[in-house]
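Chain residues, written in single-letter form:
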Amino acid sequence: MEQSFIMIKPDGVQRGLVGEITSRFEKKGFLLKGLKLLSVERPFAEKHYEDLSSKPFFEGLVEYIISGPVVAMVWEGKNVVATGRKIIGATKPSESAPGTIRGDFAVEVGRNVIHGSDSVENAKKEIALWFPDGTVNWQSSLHRWIYE
Ligand code: UDP
Ligand code: MG
């Protein structure tokens, strides 16, 4: 089954949005396979965002991600990568639809509350980076009420 790496950024943790955000993924029917609160150091943040290293906002982005603890999660389910991006909303909160996490809780692109993998391939890379010891192997007893 497909998995996505979802991270609540330091602003989301500071603003007390952890429950609200995890609740949206849970209620959708996705399965929580990994969850941890941690602070990351600069080289780790740079590795996570290495594809963006040439962008003008890269330095500020790394400062943002290391500015406080983040919640790192692995969510599993059919089409969870693409659907997770829809739940999260557009990168710029001014363009994120109401009802999405960024549309409801963010104003600026540099404080947009949450990260979600943008492809299945990147999800695999990010999960390996953030959860090197693997995730939790379990299935919900609700599976047959969510999948036909
Ligand atoms: N970002 C930024 N300024 C920009 C574009 C992106 O500060 O002009 C930040 C923003 O926090 C974004 C992150 O860099 O979430 C990663 O950018 P990406 O294009 O991968 O957006 P995402 O996949 O997070 O929607
Ligand atoms: Mg991205």
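Residue positions within a chain follow its written sequence, with the count starting from 1. Ligands are numbered from 1 and chains lettered from A, in the order in which they are written. Reporting in this predicted model follows two pLDDT cut-offs: at least 70 for local features of residues, and 80 or more for side-chain atom pairs to be given and counted; totals over whole chains, interfaces and linings ignore these cut-offs and use all residues. To get the side-chain values, take all heavy atoms of the structure and skip hydrogens and water.

Quick word on the sheet that holds strand β3 (residues 70-76)
Taken in spatial order, the four strands make up an open sheet running β2-β3-β1-β4, and their pairing is antiparallel. Taken across any chain shown, the strands that pair with only one partner, and hence form the sheet edges, are β2 (31-38) and β4 (114-116). For this sheet, the mean angle separating the axes of adjacent strands, direction not counted, is 15 degrees. As judged from the seven bridges shared by β2 and β3, these two strands associate in the antiparallel manner. Bridge pairing links L32 to W75 in β3. Along the sheet, helix α5 (residues 80-88) contacts β1 (3-8), β3 and β4; its crossing angle with β1, the most-contacted strand, is approximately 25 degrees. The rule for pairing is simple: two strands pair if DSSP sees at least two bridges between them. For the purposes of this entry, the term helix denotes a DSSP run of H or I that reaches at least four residues, the term strand denotes a run of E that reaches at least two, and both are numbered from the N terminus. Every axis corresponds to a line fitted to the C-alpha atoms, with the helix fit spanning only the stretch in contact, and the corresponding angles, defined between N-to-C directions, vary from 0 to 180 degrees. Any two residues whose heavy atoms approach within 4.5 Å at even a single point are treated as in contact.

Considerations on the side chain of E126
With respect to the helices and strands, E126 occurs in helix α7 (residues 120-130). Burial here depends on accessible area, computed with a 1.4 Å probe over protein chains only, as a share of the maximum for the residue type. Under 20% is buried, over 50% is exposed, and the range in between is partly exposed. When charges are counted, Lys and Arg contribute as positive and Asp and Glu as negative, whereas His and the chain ends are disregarded. Each reported salt bridge corresponds to a side-chain nitrogen of Lys or Arg within 4 Å of a carboxyl oxygen of Asp or Glu. At 7.6 Å, R85 is the nearest oppositely charged side chain to E126, a buried residue that forms no salt bridge.

Details of the pattern of salt bridges
All chains considered together, the criterion is met by six salt bridges. A salt bridge links R24 to E20; the shortest N-O distance between them is 3.0 Å. On the criterion of helical spacing, the pair formed by R24 and E20 is a turn pair, its members being four residues apart in helix α2 (residues 18-28). Judged by its relative accessible area of 21%, R24 is partly exposed. For E20, a relative accessible area of 36% corresponds to the partly exposed category. The partner of D104 in a salt bridge is R24, and the shortest N-O contact between them spans 2.9 Å.

A closer look at the UniProt feature "active site" (unreviewed entry) in the protein
Here the UniProt-annotated "active site" (unreviewed entry) positions come out as H115. With respect to the helices and strands, the residue H115 is situated in strand β4. Taking the relative accessible area as the measure of exposure, H115 reaches 9% and is therefore buried. Contact partners of H115, with chain neighbours within four places excluded, come to F5, I6, M7, K9, H48, Y49, I88, R102 and E126. UniProt positions are given in the numbering used here, feature names are shortened, and annotations may be inferred rather than shown by experiment.

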